[in-house]
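# Structural overview
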Amino acid sequence: YPSLNWYSICLYTREGWEVIPGTKIDLPKYERVTSMKYMNLSGEQMGEQKKGYVVVGTMSSMGEEVSARGKIMIFDVMEVVPDPEKPLSGYKFKCLYDKEQKGPVTEVACILGHIISAIGQKLYVWSFIHNDLVGVAFIDTQIYIHSISVVKNFVLYADITKSISLLNFDRECKTLSVISRDFEPMEVYRTAFVVDGTNLGFLVSDSNCNLVIYIYQPESVDSQGGMKLIRKSDINIGAHVNAFVRTGTRIHDGSILGTTPASSLLHPSEKRHVTWFGTLDGAIGSFLPLAEKRYRRLFMLHNKLVTAVAHVGGLNPKKFRTAKMPGRWLMNPHRNILDYQLLTNFLGLSHTERRELAKQIGTTPSQIIEDLIVIQKAMMIF
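The following refers to the structure shown. These numbers come from a predicted model, not from an experiment. (Residues numbered from 1 in each chain as written. Predicted model: local features only at pLDDT ≥ 70, side-chain atom pairs only at ≥ 80, totals over all residues. Heavy atoms only, no water.)

### Remarks on the side chain of Asn236
Mapping Asn236 onto the fold places it in strand β18 (residues 230-236). Judged by its relative accessible area of 4%, Asn236 falls in the buried class. Looking at Asn236, its side chain comes within polar contact range of the main-chain oxygen of Cys209, at 3.3 Å. In contact with Asn236, other than residues within four places in its own chain, are Asn208, Cys209, Asn210, Phe320, Arg321, Thr322, Ala323 and Lys324. (Helix = DSSP H or I, 4+ residues; strand = E, 2+ residues; numbered from the N terminus. Buried < 20%, exposed > 50% of the residue type's maximum accessible area, 1.4 Å probe, protein only. Polar contact = N/O pair within 3.5 Å; in protein donor to acceptor, adjacent residues only side chain to side chain. Contact = heavy atoms within 4.5 Å.)

So this is what it looks like as structure tokens:
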């Protein structure tokens, strides 16, 4: 007989990754979790204080003959007196909200103490008050939303075929409005924000194993008055990216950006974040914005190393890292992202080769090595 997958929600310990007794919640038949986040929500009964909750979005898929439905569940992780015979039983789940929605809940996220969820072809903003969800704002979207990224009051969501869109949430007027979007079709896997000081970019991974960066530049002619996002950079990494995590960079005193008072003394242009990504084949990579002068030096070195170094199997790294386009694409690739693995080949050259290569781009070997060390130190956060 055919087997049926049965889904459940469990709470694990941090030390040994063991299931805490009494915290396993079995979901009904045909129901599966599509999104689960830990959010700091604010309500009227708590004033301006925020409290952490586990918010879960689910959907029930029972074939084409039955319309899909979903639920939003909100849990509170409570600390209780553990059983002497079960020392791990110090926590338990308490379900505060569990109601069916009008469509499948494909993604949930937190924005300014509220819950933003993708239900069917709409985006809803909810306020959690008195253990109930109260609608705040909504907006109609494209086909199927499966990724939502939030920074302050900005919402970046990805459609499965209609690329990305940027929204603004006005807390006073309780409205969601479209700022800009990408008009070209794209099968998006995941989205994330790129923080480069006072500049904000939008990082997207697609079905062709590309990483693409968009920016909002309303003064540009190509943006059509700010309605269209500008494609700034792209690179092919050879694997599908399905997860992004953004962390602060390590600064000169050895601390992590945002964790110590020393990081607040930095100029805003020096506050950059590292965007880590995970692929479906098990690889982990990172993306780091660079200062303009350092980028120019390494960009010239990057172009020289393509032909100056013997590559594995005679393969061309420039061709491999060029973004892959489906079919005929009336757009040139934007090769503005450097390959750090290719740049580290400079360290394997002899002293004479280093000096000759650095002379061709108008710098010194010590300056290039210093740039590579700065990049490596900035990403050493673990």
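That covers the picture; the talk isn't over yet.
### Remarks on the pairing of strand β17 (residues 210-215)
Every other side chain in a regular strand lies on the same face of the sheet, so the side chains alternate between the two faces. Burial analysis of β17 places 6 of its 6 residues in the buried class, the great majority of the element. Residue alternation in β17 divides its side chains into two sets, Asn210, Val212 and Tyr214 and Leu211, Ile213 and Ile215, and both sets are buried. Where strand β16 (residues 199-206) and β17 come together, 5 bridges link them in antiparallel fashion. Bridge assignment links Val204 to a residue of β17, and that residue is Val212. Hairpin connection of β16 to β17: 3 residues between the antiparallel strands, including Cys209 at a positive phi of 65°. Where β17 lies against β18, 6 bridges are found, and the strand directions are antiparallel. Following the sheet pairing, Ile213 is matched in β18 by Ser233. (Pairing = 2+ DSSP bridges.)

### Looking at the environment of Ile381
Looking at the element boundaries, Ile381 is found in the segment after α5 (365-378). For Ile381, a relative accessible area of 17% translates into the label buried.

### With respect to the sheet that holds strand β10 (residues 132-140)
If you walk across this open sheet you meet the 4 strands as β7-β8-β9-β10, and the pairing is antiparallel. At either end of the open sheet lies a strand with only one pairing partner, and these are β7 (105-111) and β10. Direction aside, the axes of adjacent strands within the sheet are offset by 25° on average. Two strands pair when backbone bridges link them, and strand β9 (residues 122-129) and β10 are joined in this way by 8 bridges, in the antiparallel orientation. Residue pairing in the sheet places Ile129 in a bridge with Asp132 of β10. (Axes fitted to C-alpha atoms, helices over the stretch in contact; angles between N-to-C directions.)

### Examining the sheet that holds strand β12 (residues 154-159)
Strand order in the open sheet made by the 4 strands is β11-β12-β13-β14, with antiparallel pairing throughout. Looking at the sheet topology across the chains shown, the edges are occupied by β11 (145-151) and β14 (175-181). Within this sheet the neighbouring strands show an average axis-to-axis angle of 30°, counted without direction. By the bridge criterion, 6 bridges tie β11 to β12 in an arrangement that is antiparallel. Within the sheet, the bridge partner assigned to Val150 lies in β12 and is Val155.

### Points about the layout of surface pockets
In this structure, the largest pocket occupies an estimated 1,300 Å³ of space. As for the largest pocket, its lining consists of 39 residues, and the residues nearest its centre are Phe287, Leu288, Pro289, Ile337 and Leu338. Breaking the lining of the largest pocket down by element, the ones donating at least two residues are β15 (188-196), β16, β17, β18, β20 (273-279), β21 (284-287), α1 (292-308) and α3 (340-343). Residue classes in the lining of the largest pocket are distributed as 25 nonpolar, 8 polar and 6 charged. Taken as a whole, the second largest pocket spans an internal volume of roughly 690 Å³. Taken together, 27 residues form the lining of the second largest pocket, with Lys37, Ala109, Ile148, Ser149 and Val150 sitting closest to its centre. Residues that form the lining of the second largest pocket fall into these classes: 14 nonpolar, 8 polar and 5 charged. (1 Å grid on protein atoms, 1.4 Å probe; cavity = no way out; pocket = protein on both sides within 12 Å on 5 of 7 lines; lining within 4 Å. Points joined across faces, edges and corners; volume = space filled by probe spheres on them. Nonpolar A, V, L, I, M, F, W, Y, C, P; charged D, E, K, R; others polar.)

### A short note on the environment of Asn303
Among the secondary structure elements, Asn303 is positioned in helix α1. It is 26 Å that separates the C-alpha atoms of Asn303 and Val195, two residues lying 108 residues apart in sequence.

### Some remarks on the pairing of β7
Extensive coverage of β7 is indicated by the burial of 6 of its 7 residues. Relative to strand β8 (residues 114-119), β7 is paired through 6 bridges, and the arrangement is antiparallel. By the bridge assignment for β8, Ala109 is matched with Ile116. Remark: 2 residues form the turn of the hairpin made by β7 and β8, two consecutive strands paired antiparallel; Leu112 in that turn has positive phi of roughly 55°.

### Quick notes on unusual backbone geometry
Negative phi characterises most residues that are not glycine, and trans characterises most peptide bonds. A positive phi is found at His130, a non-glycine position, where the angle reads about 55°. Tracing the sequence through the fold places His130 in the loop between β9 and β10. A positive phi is found at Asn131, a non-glycine position, where the angle reads about 55°. Tracing the backbone shows Asn131 in the loop between β9 and β10.

### With respect to the nonpolar core
Residues Leu298, Leu301, Leu305, Leu343, Phe346 and Ile368 are the most contacted members of the largest nonpolar core, which totals 23 residues. Of all the secondary structure elements, the ones that give two or more residues to this core are β20, α1, α3, α4 (351-360) and α5. The biggest single contributor to this core is α1, with 5 residues. In this structure, Ile368 is in contact with Leu301, Phe346, Ala358, Ile361 and Thr363, ignoring residues within four places of it in sequence. With 16 residues, the next largest nonpolar core counts Val125, Ile139, Ile145 and Val155 among its residues. (Core = buried A, V, L, I, M, F, W, Y, C linked by side-chain atoms within 4.5 Å.)

That's the geometry; what it means functionally is another story.
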